[in-house]
Amino acid sequence: MKHAEETIIREAREEDVPAILELFTEAYGEDYPYAGFMNEGWLKHAIYNDDMLMLVAEDRTSGQSLGTASVVFDIGANSDLIGEMGRLVVSKAARG
């Protein structure tokens, strides 16, 4: 189990896409009904989308991606000032 001081949370970058895809596949499986989220093109779009903040939890020492989550800001009226957390996954090795 990773301790908090060994983990950083940061915005996802385009080079994180393969690791995010791996995390999604591990968590959701090959038969995930929303396969569009497991698409490299969609993930790249999500990283650069102003209506979404994609985050990565990363091991500070190894640089390994331990998890990912998204905050979607275009839920409801734009004046709501709210976001919806989604697609939160943590690698099996980092759970606990």
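Quick note: structure is the one above.
To keep things clear, this report deals only with the structure shown in the data block. (Residues numbered from 1 in each chain as written. Predicted model: local features only at pLDDT ≥ 70, side-chain atom pairs only at ≥ 80, totals over all residues. Heavy atoms only, no water.)

**So, the sheet that holds strand β4 (residues 84-90)**
The strand order across the open sheet formed by 4 strands is β1-β2-β3-β4, and the pairing between neighbours is antiparallel. Strands with a single pairing partner mark the edges of an open sheet, and in this sheet they are β1 (7-11) and β4. Taking each pair of neighbouring strands and ignoring which way they run, the sheet shows an average axis angle of 15 degrees. Pairing of strand β3 (residues 65-72) with β4 involves 5 bridges; the strand directions are antiparallel. (Pairing = 2+ DSSP bridges. Helix = DSSP H or I, 4+ residues; strand = E, 2+ residues; numbered from the N terminus. Axes fitted to C-alpha atoms, helices over the stretch in contact; angles between N-to-C directions.)

**Topic: the pairing of β3**
Counting buried positions over the 8 residues of β3 gives 8, a clear majority of the element. Across 7 bridges, the pairing between strand β2 (residues 52-59) and β3 is antiparallel. Residue L55 lies in a different strand from β3, and its bridge partner there is A69. (Buried < 20%, exposed > 50% of the residue type's maximum accessible area, 1.4 Å probe, protein only.)

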